[in-house]
Amino acid sequence: MSIAEDVLLAPFTTFKIGGPARVFIESYTEEDVDAARDEAARRALPLLPLGGGSNILVPDEGVEGLVLKIAFRDLMLEKDRDTTLLVAGAGLSWNDAVDAACALGVFGIENLAGIPGTIGGAAVQNIGAYGAELADVFEYADTVDGATGARTRIDRAHAAFGYRTSFFKEHRTHIITRVVLRLHKRASPNIGYADLAQAQEAGVPLETSAQVAHAIRAIRARKFPRDSEGGTAGSFFKNPIISPERAETLAARYAGMPVFPQENGDAKVSLAWLLDHALALRGYAVGRARLYERQPLVIVARAGATAAEIETLACDVEERVFAATGITLEREVERFGLRK
Ligand code: EPU
């Protein structure tokens, strides 16, 4: 375990933005988490777990808390007849988990290739892309309670996964230390998503999990900014889920607007499409922060951008969307240090 004071958080985030943490601890074991809890209590600071920093906005002034970087990265693959359990320390890079699964030829997370962050963060967020989500393969996660130190195993039935949400997101005192996924030997290629169907038509091989992961990374490379273009946390907002009546009214007003019916009868509408076609906001900028030209749901921060610039841009977009559609946007990216 390492402990330091006034550590700049920007390098620990994919936005490359944010001031210092009052205290910063890197943890490699559950005992380190206990030691960090004690340290936080001793200093009367909130304990703020940090994964890959790929879905957070850290304020420019930093955070008056004890940031606990989850750095356990052990990985085990346990085979049985038809499935393989992937057992990982919560700090394992999500892409390393995908690569390990693809190297073994097992299926289940290949459509989620290329998503930054850690496997622990992936479970909190229930990451999803190209027709798959983490919930599809989740078996259980082990947690340590940041307040009491209690150890709990949360299985699939209790993980309460939804669109970019989970039990872990709603119960912040549970710090995930281990994530277990159940992957499948038999091919279950999931290529219904438009971008993948197009790749298949173009002759891209999509038989093995490694081939699918490769194709997904190529698709993502066309939609997301490269490192040299600036920092990003991917989609900044969630796609709005609204009543079918409201979706119908909007679709009548904005011809061609994609609407995705949900199991419960609600409708998910594409915010990228609205920002592009209804509001013409591709490339819209505030200072050094802008909505990415090729995917306006993504905010890109040029070198030197501040959290305040991102915040101003985000509020501006929220107001414009509300004025045009009556929809109150929900953010996918969280303000770090401000917890419910
Ligand atoms: N679109 C436009 N103009 C654009 C870009 C997209 O009209 O400039 C339209 C597309 O034509 C498409 C629709 O918007 O009809 C949706 O676009 P896309 O397929 O890129 O997906 P998304 O709904 O915008 C979601 C996830 C992404 C994930 C992609 C791919 C959320 C908030 N975002 O984006 O996840 O990679 O699907 O499955 O659900 C993330 O969570 O950080 C993230 C990047």
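Worth saying up front: this structure is predicted, and the values here are computed from it rather than measured. (Residues numbered from 1 in each chain as written. Predicted model: local features only at pLDDT ≥ 70, side-chain atom pairs only at ≥ 80, totals over all residues. Heavy atoms only, no water.)

### Some thoughts on the site of the ligand
At step 1: Taken together, 26 residues lie around the ligand, and Tyr 130, Tyr 163, Tyr 193, Asp 276 and Gln 295 are the ones closest in.
At step 2: Tyr 193 is positioned with one of its side-chain polar atoms (N or O) 2.8 Å from an oxygen atom of the ligand.
At step 3: Between the ligand and Ser 235, the relevant distance is 2.9 Å, taken from an oxygen atom to a main-chain nitrogen or oxygen of the residue.
At step 4: Counting residues per element, the ones that place at least two in the shell around the ligand are strand 8 (128-129), helix 6 (209-223), strand 13 (231-235) and helix 8 (271-278).
At step 5: Take the shell around the ligand: its biggest share by element is four residues, from helix 8.
At step 6: Residues that form the shell around the ligand fall into these classes: eleven nonpolar, seven polar and eight charged.
At step 7: Both domains that meet at the shell around the ligand, namely domain 2 (75-221) and domain 3 (225-335), each give it at least three residues. (Near = heavy atom within 4 Å. Polar contact = N/O pair within 3.5 Å; in protein donor to acceptor, adjacent residues only side chain to side chain. Helix = DSSP H or I, 4+ residues; strand = E, 2+ residues; numbered from the N terminus. Nonpolar A, V, L, I, M, F, W, Y, C, P; charged D, E, K, R; others polar. Domains from an automatic or database assignment.)

### Quick look at the sheet that holds strand 17 (residues 285-286)
At step 1: Across the sheet, which stays open at both edges, the four strands sit in the order 13-19-18-17 with antiparallel pairing between neighbours. In this open sheet, the two edge strands, each paired with only one partner strand, are strand 13 and strand 17.
At step 2: Two elements, strand 13 and strand 19 (residues 298-301), share three bridges in a ladder whose sense is antiparallel. Bridged to Gly 231 within strand 19 is Ala 301. (Pairing = 2+ DSSP bridges.)

### Let's talk about the pairing of strand 7 (residues 83-89)
At step 1: Within strand 7, seven of the seven residues are buried, leaving the element largely enclosed by the surrounding structure.
At step 2: Taking every second residue as pointing to the same face, both faces of strand 7 are buried, with Thr 83, Leu 85, Val 87 and Gly 89 on one and Thr 84, Leu 86 and Ala 88 on the other.
At step 3: Here strand 6 (residues 75-79) folds back onto strand 7, and the loop between the two strands holds three residues.
At step 4: With seven bridges joining them, strand 7 and strand 12 (residues 174-184) adopt antiparallel strand pairing. (Buried < 20%, exposed > 50% of the residue type's maximum accessible area, 1.4 Å probe, protein only.)

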